[in-house]
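# Structural features, examined
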Amino acid sequence: LASGKTSKQQAAYAEMYENAQIGMTIISRDLLLAGYARPTILNPAGTAFMRTHTERPVFGCDNGFASPNTVGVAACAVGAGQPALEVAYEADLTNTVPTGANVPSDCLGNGLADAGGYFVAFNRYYLAASAAGRSELHCASRQGSTGQPLVDNVDNMKVWYGEANAANPRAIVRYVSAGNVVDWGRVVSVRVCLLLRSTEPLLQSGGNEDTLTYLDCDSVQQASADRFLRRAYFTTTTLRNKMAL
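To keep things clear, this report deals only with the structure shown in the data block. (Residues numbered from 1 in each chain as written. Predicted model: local features only at pLDDT ≥ 70, side-chain atom pairs only at ≥ 80, totals over all residues. Heavy atoms only, no water.)

### Section: the sheet that holds strand 4 (residues 84-91)
Taken together, 5 strands build an open sheet; the order of strands is 3-4-5-6-7 and the sheet is antiparallel. Since the sheet does not close on itself, it has two edges, and those belong to strand 3 (58-61) and strand 7 (148-152), each with one partner. Each strand axis lies, on average, 25° off the axis of its neighbour in the sheet, ignoring direction. In the sheet, strand 4 pairs with strand 5 (residues 119-129) via 7 bridges, with the strands oriented antiparallel. (Pairing = 2+ DSSP bridges. Helix = DSSP H or I, 4+ residues; strand = E, 2+ residues; numbered from the N terminus. Axes fitted to C-alpha atoms, helices over the stretch in contact; angles between N-to-C directions.)

Structure below.
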């Protein structure tokens with residue numbers, strides 16, 4: 001019995017790790033492209049290239065988006081909710097999956113609209129409940145299509161933004177939540193935590209008890225009253241295109 005229980009828990013942790021890796025890889029890949037824009041012509045001063053896309057590379061909301069698939073600039077929800085993250089970059093046929101019409105795509109595989117000779121992806125990552133009530137990592141975009149799940153059993157997500165100061169735009173001076181970012185243009189790194197949950201309750205209570213606690217994304221010990229396994233996974237990604245400016 002003890003061996004069987006241990007085997008089930010190890011299989012659950014392996015599944016949680018795999019799901020976390022999938023979610024982290026998708027988000028990190030976008031963050032590595034954040035702020036990407038092709039240089040076009042030299043500016044009058046001759047010191048730098050002009051860029052086709054100049055909007056903020058990342059944007060976040062501490063309580064989620066008011067509407068994840070809104071067409072246009074993302075707005076933050078008012079009230080309680082889970083953090084959400086938007087990543088913007090100039091998309092092409094090599095850094096996205098081309099559609100059947102041979103145009104770049106967003107995180108859902110939808111073709112992007114021409115923005116004047118170039119394409120920009122605005123991918124928005126957030127948590128939402130499935131029909132079965134499980135919390136999932138979703139992605140939507142400025143294209144307006146309904147968001148779709150990427151990874152299930154993601155209980156929580158937290159995002160911290162590494163902000164540089166004006167004097168040295170490549171030196172991170174602090175990590176803060178979205179509501180405390182002073183200038184989104186000075187964000188050069190993003191730290192993400194995904195809190196994963198097992199598919200079924202595996203912790204035993206009453207006789208032969210398991211430890212019914214876990215550490216959340218803030219490294220605070222929490223109780224697992226529902227007997228599900230949980231584990232927090234972290235990744236930190238530098239915005240390469242911001243560091244290169």
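### Concerning the pattern of salt bridges
In total, this model carries 8 salt bridges according to the counting rule given. Of the charged contacts in the structure, one is a salt bridge between Arg186 and Asp183, with a shortest N-O distance of 3.8 Å. Taken together, the salt bridges that share partners define one network made up of Asp155, Asp226 and Arg230. (Salt bridge = Lys/Arg side-chain N within 4 Å of Asp/Glu carboxyl O.)

### Comments concerning the sheet that holds strand 13 (residues 230-238)
Pairing within the open sheet is antiparallel, and its 4 strands lie in the order 9-8-10-13. Bordering the open sheet on either side are strand 9 (172-176) and strand 13, each of which pairs with just one other strand. Mean inter-strand twist for the sheet, computed between neighbouring axes without regard to direction, equals 20°. Note: strand 8 (residues 154-164) against strand 10 (residues 187-197), 9 bridges, orientation antiparallel. From the neighbouring strand, Gly162 faces strand 10, where its bridge partner is Ser189.

### Brief notes about the state of the cysteines
This structure, assessed with the given rule, holds 3 disulfides. Bridging Cys107 to Cys139, the disulfide has an S-S length of 1.9 Å. Its S-S torsion of about -95° marks the bond between Cys107 and Cys139 as left-handed, since a negative value means left-handed. Here Cys107 is found in the loop between strand 4 and strand 5, whereas its partner Cys139 is found in strand 6 (residues 135-141), with 32 residues between them in sequence. (Disulfide = S-S within 2.5 Å.)

### As for the packing of aromatic side chains
A full pass over the atoms with the stated rule returns 4 aromatic pairs. Each member of the aromatic cluster is reached from another via a ring pair, and the members are Phe59, Tyr161 and Trp184. In this structure, Arg56 packs its charged tip against the face of Phe59, placed 3.7 Å from the ring centre. (Phe/Tyr/Trp six-rings, centres within 6.5 Å; stacked < 30°, edge-to-face > 60°. Lys NZ or Arg CZ within 6 Å of the ring centre and 35° of its normal.)

### Some words on the environment of Ala121
Along the polypeptide, Ala121 turns up in strand 5. Of the residues examined, Ala121 reaches a relative accessible area of 0% and is grouped as buried. As a C-alpha pair, Ala121 and Arg56 span 65 residues in sequence and 12 Å in three-dimensional space. Each residue touching Ala121, except ones within four places of it in the same chain, is listed here: Val87, Ala88, Tyr89, Ala91 and Leu112. (Buried < 20%, exposed > 50% of the residue type's maximum accessible area, 1.4 Å probe, protein only. Contact = heavy atoms within 4.5 Å.)

### Thoughts on the side chain of Ser141
Looking at where Ser141 falls in the secondary structure, it is placed in strand 6. Separated by 2.7 Å, the side chains of Ser141 and Asp106 make a polar contact. Setting aside its immediate chain neighbours within four residues, Ser141 contacts Pro68, Asn69, Thr70, Asp106, Phe122, Asn123 and Arg124. (Polar contact = N/O pair within 3.5 Å; in protein donor to acceptor, adjacent residues only side chain to side chain.)

### Brief notes about the side chain of Arg124
Residue position: Arg124 is located in strand 5. Given the relative accessible area of 0%, Arg124 is considered buried. A distance of 2.9 Å separates the side chain of Arg124 from the backbone oxygen of Pro68, its partner in a polar contact. A polar atom in the side chain of Arg124 sits 2.8 Å from the backbone oxygen of Thr70.

### Overview of the nonpolar core
Among the nonpolar cores identified, the biggest contains 46 residues, and Leu31, Val58, Tyr161 and Val190 are the most heavily contacted of them. Among the secondary structure elements, those contributing two or more residues to this core are helix 1 (2-33), strand 3, strand 4, strand 5, strand 6, strand 8 and strand 10. Here this core gets 7 residues from one element, more than from any other, and that element is helix 1. When near neighbours in sequence (up to four residues on either side) are disregarded, Val58 contacts Leu31, Ala34, Glu86, Tyr161, Trp184, Val187, Val190 and Leu239. (Core = buried A, V, L, I, M, F, W, Y, C linked by side-chain atoms within 4.5 Å.)

### Thoughts on unusual backbone geometry
The phi angle at Asn102 is positive, at roughly 60°, despite the residue not being glycine. As for its position among the elements, Asn102 is in the loop between strand 4 and strand 5. Positive phi, close to 70°, is recorded for Arg227, a residue that is not glycine. If you trace the backbone, Arg227 turns up in the loop between strand 12 (221-223) and strand 13.

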